[in-house]
Amino acid sequence: MSNTKSLLTIKDLYAGIEEKQIIKGFNLDIKPGEVHAIMGPNGAGKSTMGYVLSGRDGYEVESGSVTFNGQNLLEMEIEERANAGLFLAFQYPVEIPGVSNLEFLKASVDAVRAANGEEAISSSELLKQAKAACKQVDLPLAFLKRGVNEGFSGGEKKRNELMQMLLLKPKLCILDETDSGLDIDALQLVAKGVNSQRSEDRSFIIVTHYQRLLDYIKPDFVHVLADGKIVKSGDASLALELESQGYAWLENGNVEAKIEG
Amino acid sequence: MTVQVEINEALGREYEAGFISDIESETFEPGLDESVIERISKMKNEPEWMLEWRLGAFREWLKMEEPDWALVDYPKIDFQAIAYYSAPKSMKDKPKSLDEVDPELIRTYEKLGIPLIEQQMLAGIAVDAVFDSVSVVTTFREKLYEAGVIFCPISEAIVEYPELVKKYLGSVVGRKDNYYSALNCAVFTDGSFVYIPKGVRCPMELSTYFRINEQNTGQFERTLIIADEGSHVSYLEGCTAPQRDENQLHAAVVELIAMDNAEIKYSTVQNWYPGDENGKGGIYNFVTKRGICHTSAKISWTQVETGSAVTWKYPSCILKGDNSVGEFYSVALTRGRQQADTGTKMIHIGKNTKSTIITKGISAGRSNNSYRGLVKMMASADGARNFTECDSLLIGDKCGAHTFPYIESRNPSAIVEHEATTSKVSDEQLFLCRQRGLDPEKAVSMIVNGFCKEVFKELPMEFAVEASKLLEISLEGSVG
């Protein structure tokens, strides 16, 4: 594995929002097929990381570099990053009333295809794939006709994110606290969906506060994020240690010293 | 770079219908007095009663004041600076068939996406093409005539079907109704006339396409649609004008008559030139549209308003007959410096009459978009019901959305419901769309289209697609 080219390389990244520095010297290297979990207390900068990588407006990078699949990610527009294969599963997916899920999926799939010089997907092919995806995430087919996230429950929204991921087939999926607000059944379902998508050419960053999601999605690496940088890295067993001892155990003077909730 | 700036750049598109056709026209000198009206009437070979009717309206108009209650602001119109008649010279000999029509005119409509050659047309849609002050051609007339349907320019109907015109013209919008309708009665030049006989379901969609081309002219169109007992018709109008620095006046009157059990569906896609981003130029669209429903009849207005510098328009229904139904579905989009004050009036007279009002206002740029609607339940309207939903969507933070609902109920058994919402295209929505690969332009148009879906689904299918495309184009430079 060590000779494989990296999919994502983050070096000495300093970033924040409205002049408030949140990411302070972040380093990470992800190779194709790897699953990395990023854990940490509230306010450590976990969600900020996802927004900075996807290029959300208002999130400014001060210094450092991010290379994604050989390209300078920081110079790319939000949609260019998406079309290059970066996917962010939102913690709180927003509603787009009146725009059907199917319509939205087609527009997204077509955008990615266009960026890769491919023709638009035929409606029948899209429908076929969407139906299969619905089945996989256990959403009734009727959801395809409903407005994007319109009136969905929290769990349905998360599964809908997963459905978009299944159709877009990204190279890197960032799951931003996808486990928050899910009951155990929904959590297992989401984990099953993610596991089914694990492959040699797809990597994952799983951002989570709790260890429990990692019972179902086994990460290759676990990193602890505190005050904007990784303070400890290890394998899956690190998550279990954290679970039993709490973040305070890290004994970093700058680290907020407990798990909330 | 902010999202707003990116959208501005991505949407840097021109008003596509803004070209000027090079067509030699015969245009009156600007100015308005009784002699001008006499000349219009003479150009149209009108009978004496028609001229008298026009002159009567003109004398009323002189006594009237320009209304100022709408939330729109524009310089006073100089009615003496407007030319009241303009027609392509080639139309003087009254071409008998399409082969005799000036090819430049046909090309103009082709460029606008309206082929006039029947073989090339969308099957099932008949078109009356009105260019400045005259109807250029009306397609599928014979086919419609076989079904008993009359579809012709109103100037022709005045000569050919005087009884029908005499009986119904001005019967819904009287000559004294309002300032602009009175002016229209005096100087109207062309428009469409439709008569659907008893029990006939019109075999085609009917449509009129209005084009203003000549400079400094006003367009005063007049449309009259009569659906006899138990008949059914769906009618669509479209409008565009060249890009010019001067404002131009369009003051139309549309009257619909739905006899017992008849149904009229009237759709509008209005895309008059809106002026530039600083508010220079554009059409003043001051329109009176009203229909009357007799027993168990139904009139449904659907409008997609994206153009015009100033819009003042309230398509209305008089629900006279028991069990009659009125509907108003509207999408109004304003951007740049556009101003729209639009809505409807539902006048419930008959028992168990029902009306539905669904409006979607979208404001962008520095525009102002107002919904103004009246629901009136007369004492006789036992069991009448109205449901109104007004939704406003704001893009950016320099535009305005306003809602002026008026409700008058004189019958305690009548039920009136009103719902209103205001929302913004949020950064979260844009971010989600872009994170899924859509560029900002596509993202905004998708969000706006979703917002309008309830109304678009009321449009005839072919036009729903067109309206959705138009919206996309109209969002040009919409934010900032």
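This text follows the structure it describes.
Residues numbered from 1 in each chain as written. Chains lettered and ligands numbered in written order. Predicted model: local features only at pLDDT ≥ 70, side-chain atom pairs only at ≥ 80, totals over all residues. Heavy atoms only, no water.

Engineer: Residue-level account of the nonpolar core, with values.
Structural biologist: Core analysis: the largest hydrophobic core is formed by 65 residues, its most contacted members being A:Leu8, A:Ile10, A:Phe26, A:Leu53, A:Phe104, A:Ile205 and B:Ile362. Ranked by residue count, the leading element in this core is helix α10 (residues 440-456) of chain B, at nine residues. Other than its neighbours up to four places away in sequence, A:Ile205 contacts A:Leu8, A:Leu28, A:Ile30, A:His36, A:Ile38, A:Leu53, A:Leu172, A:Cys173, A:Ile174 and A:Leu175. Residues B:Met50, B:Phe58, B:Leu169 and B:Val310 belong to the second largest nonpolar core, which totals 58 residues. (Core = buried A, V, L, I, M, F, W, Y, C linked by side-chain atoms within 4.5 Å. Buried < 20%, exposed > 50% of the residue type's maximum accessible area, 1.4 Å probe, protein only. Helix = DSSP H or I, 4+ residues; strand = E, 2+ residues; numbered from the N terminus. Contact = heavy atoms within 4.5 Å.)

Engineer: Give a detailed account of the sheet that holds strand β9 (residues 172-176) of chain A, specifying residues and quantitative values.
Structural biologist: All names here are of chain A. Strand order in this open sheet of six strands is β6-β9-β10-β3-β11-β12, and the pairing throughout is mixed. Each edge of the open sheet is held by one strand with a lone partner, namely β6 (86-89) and β12 (229-234). Pairs of neighbouring strands in the sheet enclose a mean axial angle of 20°, with direction left out of account. As paired strands, β6 and β9 are joined by four bridges and run parallel to one another. When the bridges of β9 are listed, Leu-86 appears paired with Leu-172. (Pairing = 2+ DSSP bridges. Axes fitted to C-alpha atoms, helices over the stretch in contact; angles between N-to-C directions.)

Engineer: Give me the lowdown on helix α1 (residues 46-54) of chain A, citing residues and values where you can.
Structural biologist: When you tally the buried positions in α1(A), you get eight out of nine residues, the bulk of the element. For α1(A), the complete set of buried residues consists of A:Lys46, A:Thr48, A:Met49, A:Gly50, A:Tyr51, A:Val52, A:Leu53 and A:Ser54.

Engineer: Tell me about the pattern of salt bridges, and name the residues and values.
Structural biologist: Using the criterion set out here, one finds 32 salt bridges over all chains in the structure. In this structure, B:Glu305 engages B:Lys313 in a salt bridge whose closest nitrogen and oxygen atoms are separated by 2.3 Å. For the pair B:Glu305 and B:Lys313, a shared accessibility class is recorded, and that class is buried. Three or more residues are tied together by salt bridges with common partners; here these are A:Asp57, A:Glu77, A:Glu79 and B:Arg434. (Salt bridge = Lys/Arg side-chain N within 4 Å of Asp/Glu carboxyl O.)

Don't take any of this as a statement about function, it's just geometry.
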